[in-house]
Amino acid sequence: MIFIGLLSIKGVYNNWKGATNMISAIIYTSTSGSCEYYAREMSRKLAIPCYEAKKCGLPKGMEVVFIGWLMNGKVTGLDAAMKDYNVKGVVQVGMGAPTEAQEKVCRSKHGLGADVKVFSLQGRFDMDKLPVYFKPVMKMVNKSIVERLEGQSSLSDAEKATLQMAKNGKGEPATWDGIEEAIEWVKELRNPLDVIKWHEPT
Ligand SMILES: Cc1cc2nc3c(=O)[nH]c(=O)nc-3n(C[C@H](O)[C@H](O)[C@H](O)COP(=O)(O)O)c2cc1C
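If you're wondering where the values come from, they're calculated on a predicted model, not measured in any experiment.

Turning our eyes to something else, we now look at the site of the ligand. Taken together, 22 residues form the shell around the ligand, and within it S30, S34, W69, G94 and G123 come nearest. Contributing elements (two or more residues each) for the shell around the ligand: α2 (34–46), β3 (63–71), β5 (86–94) and α5 (135–150). In terms of residue count, β3 provides more of the shell around the ligand than any other element does, three residues in total. Of the residues contributing to the shell around the ligand, the split by class is 11 nonpolar, 10 polar and one charged.

Here is the structure:
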């Protein structure tokens, strides 16, 4: 009797969870640490667990925020994550200066619905932390970024940061504070029943 009662409570909870927009976890991909930093910052401030996407093994369909780095205009790992989880928000992180147009590109490249929130942030670039096979192409990309930005008469702080990254092969974003807006958005949607509930990878 008690068992049946517990089962039905669990059923009601799961239905309620599925019918709401509540976020239970943050998952991320990162090679040089920016997305990991943003994920940990969000996790720390909201007491929502964060996991590296490849290893996370969370329950299928779980509502999550995805934080991933840009590779040739696509968010690394996002398509795979969308197969397993209900991605409610995406934070895309690149070395370029964030622009409004990036959101549209992200939506069309990943087929995101209007109900998925998208944030665009700048992260760091660090040639030394990249797998060796990315280095030759990034040397060429960086050269063309330097040519383009040095040809502009004035640069925003974020563009100046990009220029430094491209010139030196490493550098930090103009600010790390951009994540605050995403944190504020998630704050309203976090699942109170999953706060501080960490899932062991399966
Ligand atoms: C192969 C490759 C492609 C990249 N493509 C882009 C890009 O299209 N747009 C962009 O802004 N940054 C691009 N970047 C830069 C990374 O997205 C940026 O350094 C990001 O902050 C890395 O995040 P992480 O520190 O979490 O690894 C690229 C980097 C690599 C290695």
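So much for the structure itself; the text now carries on.
Direction vectors running N to C along α2 and helix α7 (residues 179–187) enclose 45°, while the axes themselves pass 10 Å from each other. On the basis of the axis angle, α2 is oblique to α7. Here α2 runs over α7; the crossing is right-handed. Between α2 and α7, the residues in contact are Y38, E41, M42, K45 and L46 and I179, A182, I183, V186 and K187, respectively. In terms of residue class, the contact of α2 with α7 is made up of seven nonpolar, no polar and three charged.

Taking burial as the measure, the nine residues of β5 include seven buried ones, the bulk of the element. Where β3 meets β5, seven bridges bridge the pair, whose relative direction is parallel. Residue V65 lies in a different strand from β5, and its bridge partner there is G89. The handedness of the β5 to strand β6 (residues 117–122) crossover, carried by helix α4 (residues 101–110), is right-handed.

Turning next to the pairing of β6. Relative to β6, β5 runs parallel, the two sharing six bridges. Its bridge partner being in β6, V90 is matched across the sheet by V118.

About the criteria used
Residues numbered from 1 in each chain as written. Predicted model: local features only at pLDDT ≥ 70, side-chain atom pairs only at ≥ 80, totals over all residues. Near = placed C-beta within 6 Å. Helix = DSSP H or I, 4+ residues; strand = E, 2+ residues; numbered from the N terminus. Nonpolar A, V, L, I, M, F, W, Y, C, P; charged D, E, K, R; others polar. Axes fitted to C-alpha atoms, helices over the stretch in contact; angles between N-to-C directions. Parallel < 35°, antiparallel > 145°, perpendicular 65-115°, else oblique. Left-handed = near helix turned anticlockwise from the far one by under 90°. Contact = placed C-beta atoms within 7 Å. Buried ≥ 20, exposed ≤ 12 C-beta atoms within 10 Å, placed from the backbone. Pairing = 2+ DSSP bridges. Right-handed = clockwise from strand over helix to strand, strands pointing away.

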